[in-house]
Amino acid sequence: MRGFLVFALVAPLLGACATGRGPTGPVADLRPAESPSGNTDEAGMWMQTERTETRMRISTAVVHDPALNDYIHGLVCRLSAEHCAAIRVYVVRDPAFMASMGPTGLLKVHTGLLLRMANEAQLSFVLGHEIGHYVRRHSLQRWEDFKAKSTYLGLEAESIAEFSRVNEREADQIGYTLLVKAGYDPREAARVWEAMLAESPSKNPPPTLFIGAHPSTAERLANLRESAATAATTGADLRIGRDEYLAQLKRIRHWLLDDEVGRRQFKQTQVVMRRLIEEGDGLGDLHFHAGEMHRRRGAPEDLTTAISEYRRALDFPDAPPEAYRSLGIVYARRGDRTAARDAFARYLEKRPTAEDHELIERQLADLEAPR
Amino acid sequence: MKRLSALTALALLAAGCALTQGNYRLVEPGVRSIDETYRVYSRLAWSSAAEGKIETWTVDGFSLESLKFYKGIADGETLLPNRANDITAARFRASMTPLESVEFVVDSLYGSPFTPRSVRPAHFGRADGFRFEVSYWRGDGVKREALVTGATVKGRLHVIIYEGTALYHFERYRPDVERLLESIALIDS
Amino acid sequence: MKRLRVRPVLGLAVLATVLATGAALADPQRAPGVSRLGDPRVLLLPAQVEVWEIATTWFGVLKPEPTLNARRYTQAAIERELRHGRVVLVPYTAPADPERNDRHLALLNLHAMIRREILGQQANPLSRLPSKRGRLEWSVGPGMAAFREDSSGARHALLLELTARRMVGGQHATLAALGSDRLIGSASLVDLNTGDIVWFNSERGGSLDTEGETSSFMKRLLHDMPF
């Protein structure tokens, strides 16, 4: 997406409300159903985005799940009824915590973000942030700013980064405002960033020319908490939407967790898993994936923890049969041939046509052979 | 033939590059030794590039299809040399079962969105190895297919991965690659 | 105000660009065994024509009016050149069915990948694949028959991609002096039964700013087609 300014929510950000001011003067908000015309840079950006969207539609990375797309689009409409008809949602299979909005209303939500949101309110805050970028025309503002500050001598990098942070603070404020207007509990916005800070306490994403600079996570969190503290939350019927959100995620959470473990960022995954286990939904699958995390990290103490997690998982009705497979692998690694054999046999009873059943049958035969 | 721009010719001369030399070598049809561990027979001609323990062959271009030889990954090593200093990267252990070796390759190259299928035992010459297939995509979102085979030989992991665009290139050379895989013969030390 | 100094890097980038793209230009190539094509019907797939404005070496934006003008000029030039060459142009209509349309897009995307491989090898002798032995031997595959099924009668398809880039700001003078204000175009003729690329040409230099300049470029690009 060369030359296309994408606004990605890579880390939390919130600051004082800024007006929609571009480097050459005020930039009017995008009106519903408005599209730019003529030979403007904005019209050019739209043309580029349309080309990007055509490629996105046929991209194998996109998750084709109409129910999930409709649900997320429904949240967008709840937040911004006047703009939602122009916003198209794409769910991208990628375990990064990320969402992005192009200037034409091309909204990408990465599955890593979906895993991390605890409820509808939290996801809605993130969506509202992206709507803020869209309505305030931040792509155009950033492009104009970038052009104004780059010459053949170089870039005014810090100034460009600061302008980007101003945009991010504004989008955060808009996201917060839309959240409150839609009747959600404003405290959930800060909880998004609390969770992010717990996962990556010292890490702020480095600024890039595409994604731009973000204020620190701590700054964003502090500002959101301050805003929520002044909002009316007692006695109000504030929506959180936990059950609705989890019902949507239930169908896909198993592979969201697979992807998260597959990142091999075990410290961060451990934080995510701990929070999900505390929330208590789908504990069989969660303990299985906690086991996978330890098994794949593979230190000697990890294998002991992995076994206990798999056993814990099997106490719950939603434990995947793969827990037996993984137990077989760990027992075999520890030299406990009998336990390994039993575990693999149980797995094959439950998944006789598993994709790897032939290799497991071979391993079972090796384990059963006299030494 | 259209003329080179003067600037380009100067630059090439300055780089000391002969116009007939390139970045890739020709692999003629016939028998080739890989890492002095095994031989393969190819009935196709390929263009080859090597970087460390990875030798890559292609017919049409590396973005379209490739045949990659990962040679002799030792205990404790990562599959990809550029992950060697990454403490989170998966590492090979000589004690891995074929099932674990499959997982090591998938972890190293593909990650979770890409689930291996048809995972089964396979001969790697006379060594007991594994093979599987997987559909995946890279940053460009284009669907690709891969056929992976490997085995641990004398404590080191050897992996051969053939991959290509799902729309055309993977199937185009698959019969030739299958023939090459059948031809694997371990070199006796 | 901290200023990121990129001029030395820019200079190297420019040189690399010129090296990569100003290298030996290839004559139009024909696949082995292709001399004159008997069937003159050619499906004209939508030409990918874009005019970009680049503010730095990293960022660019499409310019809508120059792009739309360039597309009109290109279409007119194609029709003139090919009718002169006795080609019967078959217009393309995208399928109404979304699945079939997406299939077409995926094939065009694959062709774009192949095009990049061919151009990369033409541009830089060091990148040439020795296994190709200098021959034009690439294919998009028999899936290209989808275009035959959806469009009447054509045996071959013509795929064109033209990208014009103009630099703005201080880099303009520097890069223009090095010839890097540039236009690059390619044309492929693809057999719709096999997907084989039977003819390929690339050109650079010139512009799409006027009808005349576009016509001159297209004349060079569509030179020596096998009809």
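Everything below is about the structure printed above this text.
First, a word on scope: everything that follows refers to the structure included in this document. This is a predicted model, so every value here is computed, not measured.

Calculation rules
- Residues numbered from 1 in each chain as written.
- Chains lettered and ligands numbered in written order.
- Predicted model: local features only at pLDDT ≥ 70, side-chain atom pairs only at ≥ 80, totals over all residues.
- Buried ≥ 20, exposed ≤ 12 C-beta atoms within 10 Å, placed from the backbone.
- Helix = DSSP H or I, 4+ residues; strand = E, 2+ residues; numbered from the N terminus.
- Pairing = 2+ DSSP bridges.
- Axes fitted to C-alpha atoms, helices over the stretch in contact; angles between N-to-C directions.
- Contact = placed C-beta atoms within 7 Å.

**A look at the pairing of strand S7 (residues 156–167) of chain C**
All names here are of chain C.
In step 1: The buried count for S7 comes to 9 of 12 residues, which makes it a mostly enclosed element.
In step 2: Across 3 bridges, strand S3 (residues 41–44) lies against S7 in parallel orientation. Following the sheet pairing, Leu44 is matched in S7 by Leu158.
In step 3: Bridge count for strand S4 (residues 48–54) against S7 is 7 bridges, and the pairing is parallel. By the bridge assignment, Val49 is partnered in S7 with Leu162.
In step 4: Direction of pairing for S7 relative to strand S8 (residues 182–191): antiparallel, over a ladder of 10 bridges.

**Observations concerning the sheet that holds strand S10 (residues 156–165) of chain B**
Residue and element names in this part refer to chain B.
In step 1: If you walk across this open sheet you meet the 8 strands as S1-S4-S5-S6-S10-S9-S8-S7, and the pairing is antiparallel. Strands at the two margins of the open sheet, each flanked by one partner only, are strand S1 (25–27) and strand S7 (117–124). Neighbouring strand axes in the sheet, compared pairwise and without regard to direction, differ in orientation by 25° on average.
In step 2: Pairing analysis gives 5 bridges linking strand S4 (residues 46–51) to strand S5 (residues 54–58), with the strands arranged antiparallel. Of the residues in S5, the one forming a bridge with Ala49 is Thr56.
In step 3: Against the sheet, helix H2 (residues 98–109) engages S7, strand S8 (127–137), strand S9 (143–153) and S10, with an angle of about 30° to S8.
In step 4: Packing of helix H3 (residues 169–182) onto the sheet brings it into contact with strand S6 (65–73), S9 and S10, and relative to S10 it is tilted by some 150°.

**A word on the sheet that holds strand S2 (residues 30–34) of chain B**
All names here are of chain B.
In step 1: Read across the sheet, 3 strands follow the order S2-S3-S11 without closing on themselves; strand pairing throughout is antiparallel. On the outer flanks of this sheet lie S2 and strand S11 (185–186), each paired with one strand and no other.
In step 2: Pairing geometry for strand S3 (residues 38–42) and S11, over 2 bridges, is antiparallel. When the sheet's bridge partners are listed, Tyr38 is paired in S11 with Leu186.

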